[in-house]
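Read off the chains here:
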Amino acid sequence: MHTRAASWLRHRLGRAAVLSYALALLLPGPGLWLRRPHPLPPTNLALHTAPLLLSLVLFSAGLQVPFRALGPLLRRPTGLLAGLVLHLAIPLAVVPFIAFLLRRTPDTDGGSGLLTAMILVVAMPVAAGATVWTDKGDGDQPTMVGLVLASTLLSPLTTPLLLATLSPLLSGGYAQTLTAIARLAEGGAALTPVVLPCAAGLLGALVLPSRWLSRLVTAVAPSAMAGSLVLTYVNASGALGSVLTRPRPQLFAAALAVAALVCLLSFALGRAAARILRLEAGTASSLTLACGMNNSSASAVLITASLPDKPHLLLPVLAYGLLQKTAANRIVTRLRPAPSPTAGA
């Protein structure tokens, strides 16, 4: 039953995500309620829905990492090493260019709000969902699994480095907020909802007997997919809740334009690097996907926690989340390895 439910939802996940956005636009009330912390009597603890849902999604993703696929990676590490370098280098190239463009707009703070959102997106680890797109495009799964694993486990080092390096591009309170997030990330606190659940899932995938692991994945996967849709709805409610009551078409257009440009440049630079390195089609596809697909859900949770009074900053994050999936679909279609002559024999 759980397997059928997971398969049914997986094949409709794209349409279900679009429905989550539409529901957030038309009926944001429950999502706004879920965004608030809820006390748990009789303790002084509070339940934070978004981090909890993110933890469930990442735990499930970690459980499903195929560790057997990592064996060939030791013999062909070029894609992995290039991906890790580009994961750091691309934000350092793209974000200053976006900052330069935004400073030429009439925005009084030089677009610091939009820039803050984009920095928090590109500083996140490679999205675990990139492995799904790699599988759909017959890409190099060992390289992609290695990039997801390495970027997630290294994020307590790489994320603070990127935030601290890029924060001088911001003005006013945004720079101070990003610096504070960088300090928290250095201690691991800001990235706890990202690293710990994923690490727990990876540990389970590594040590559990295959029969137990299969049962656990069967039980957890449908709940995690449903949780990802609820998380999309909760995040979108914060960003889209005021669109109908207080329309801000200029902000909406700017958020979409900035997210589209960052997404386009990230994928393009990844594709250019794959060509320069002359990687084979499968590895080139995985490297390009890793450069453009970041964990936007984690950045949305960070924005909600650190800038609760600025829910409009979720607009570019949500736009990026949709755009990176659209771009990933084109990448896996265009870079799908050609079938070998013996395949059809």
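Criteria and thresholds
Residues numbered from 1 in each chain as written. Predicted model: local features only at pLDDT ≥ 70, side-chain atom pairs only at ≥ 80, totals over all residues. Heavy atoms only, no water. Helix = DSSP H or I, 4+ residues; strand = E, 2+ residues; numbered from the N terminus. Buried < 20%, exposed > 50% of the residue type's maximum accessible area, 1.4 Å probe, protein only. Contact = heavy atoms within 4.5 Å. Areas by Shrake-Rupley, 256 points an atom, 1.4 Å probe, with all protein chains shown as cover. 1 Å grid on protein atoms, 1.4 Å probe; cavity = no way out; pocket = protein on both sides within 12 Å on 5 of 7 lines; lining within 4 Å. Points joined across faces, edges and corners; volume = space filled by probe spheres on them. Nonpolar A, V, L, I, M, F, W, Y, C, P; charged D, E, K, R; others polar. Core = buried A, V, L, I, M, F, W, Y, C linked by side-chain atoms within 4.5 Å. Patch = residues over 30% accessible without salt bridge, like charges linked within 9 Å, V, L, I, M, F, W, Y side chains within 5 Å. Salt bridge = Lys/Arg side-chain N within 4 Å of Asp/Glu carboxyl O. Axes fitted to C-alpha atoms, helices over the stretch in contact; angles between N-to-C directions. Parallel < 35°, antiparallel > 145°, perpendicular 65-115°, else oblique. Left-handed = near helix turned anticlockwise from the far one by under 90°. Expected span 1.5 Å × (residues − 1). pLDDT = per-residue confidence, 0-100.

Helix and strand counts for the protein chain come out as 15 helices and two strands. Across the 345 residues that make up the protein chain, the buried fraction comes to 50%. Taking the intrachain contacts of the protein chain between residues at least 6 apart in sequence as the baseline, contacts between residues at least 24 apart amount to 84%. Just so you have it, the protein chain exposes about 16800 Å², and 67% of that area is on carbon and sulfur atoms.

Here we take up empty space enclosed by the protein. Taken as a whole, this structure holds two cavities of 30 Å³ or more when the rule is applied. By volume, the largest cavity amounts to about 60 Å³. For the largest cavity, the full set of lining residues is Leu-86, His-87, Ile-90, Pro-91, Val-122, Ser-266, Ala-290, Cys-291 and Asn-294. Taken together, the elements giving at least two residues each to the lining of the largest cavity come down to helix H5 (78-102) and helix H13 (281-292). In terms of residues, the lining of the largest cavity owes the most to one element, H5, which gives four residues. Here the lining of the largest cavity is built from residues that sort into six nonpolar, three polar and no charged.

Leu-115, Ile-119, Leu-163, Val-262, Leu-289 and Met-293 are the most contacted members of the largest nonpolar core, which has 82 residues in total. When neighbours within four sequence positions are excluded, Leu-289 is seen to be in contact with Ala-130, Trp-133, Thr-134, Met-144, Phe-267, Ala-328, Ile-331 and Val-332. Leu-63, Ala-205, Val-217 and Val-220 belong to the second largest nonpolar core, which has six residues in total.

This part covers a nonpolar patch on the surface. Side chains of Leu-40, Leu-45, Leu-47 and Leu-52 sit close together on the surface and give an oily, nonpolar patch of about 360 Å² of accessible area. Positionally, Leu-45 belongs in the loop between strand S1 (38-39) and strand S2 (46-47).

It is worth spelling out the environment of Ala-328 at this point. Residue position: Ala-328 is located in helix H15 (residues 314-334). A relative accessible area of 0% places Ala-328 in the buried class. Along the primary structure Ala-328 and Ala-130 are separated by 198 residues, whereas in three dimensions their C-alpha atoms are 8.2 Å apart. Apart from the residues within four sequence positions on either side, Ala-328 is in contact with Trp-133, Phe-267, Leu-289 and Met-293.

In the Ramachandran plot, Arg-278 falls in the positive-phi region, its phi being about 55 degrees despite a non-glycine side chain. Within the secondary structure, Arg-278 is located in the loop between helix H12 (249-276) and H13.

What follows covers the packing of H12 against H13. Axis separation between H12 and H13 bottoms out at 8 Å; the angle between their running directions is 150 degrees. Accordingly, the angle class assigned to the pair H12 and H13 is roughly antiparallel. At the point where H12 passes H13, the crossing takes the right-handed sense. Note on element contacts: H13 touches H12 through Ala-284, Leu-287, Thr-288, Leu-289, Cys-291 and Gly-292, opposite Ser-266, Phe-267, Gly-270, Arg-271 and Ala-274. Across the contact of H12 with H13, the residue classes break down as six nonpolar, four polar and one charged.

Moving on: H13. With 12 residues, H13 should reach 16 Å at 1.5 Å per residue; the first-to-last C-alpha distance of 17 Å fits that figure. Across the 12 residues that make up H13, a large majority, 11, are buried. Within H13, burial applies to Gly-282, Thr-283, Ala-284, Ser-285, Ser-286, Leu-287, Thr-288, Leu-289, Ala-290, Cys-291 and Gly-292.

Detailed conclusions should not be drawn from predicted coordinates in areas where pLDDT is low. For the protein chain, per-residue confidence averages 80 on the pLDDT scale, and 83% of positions sit at 70 or higher. Looking over the protein chain, one finds the lowest element-wise mean pLDDT in helix H1 (residues 2-11), namely 60, and the highest in helix H6 (residues 112-122), namely 91.

Further remarks concern the environment of Val-121. Topologically, Val-121 is positioned in helix H6. Since its relative accessible area comes to 0%, Val-121 is described here as buried. The residues touching Val-121, leaving out its near neighbours within four places in the chain, are Asn-294, Ser-299, Val-317 and Tyr-320.

It is worth spelling out the packing of helix H14 (residues 296-306) against H15 at this point. Running from amino to carboxyl end, H14 crosses H15 at an angle of 175 degrees, the nearest separation of the two axes being 10 Å. The angle between H14 and H15 falls in the class roughly antiparallel. Two secondary-structure elements touch here, H14 through Ser-296, Ser-299, Ala-300, Ile-303 and Thr-304 and H15 through Leu-314, Val-317, Gly-321 and Gln-324. Counted by class, the contact of H14 with H15 contains four nonpolar, five polar and no charged residues.

For the rest of this paragraph, the subject is the environment of Ala-253. Position of Ala-253 relative to the elements: it lies in helix H12. What makes Ala-253 partly exposed here is its relative accessible area of 46%. The spacing of Ala-253 and Pro-316 is 63 residues in sequence and 9.6 Å in space, taken between C-alpha atoms.

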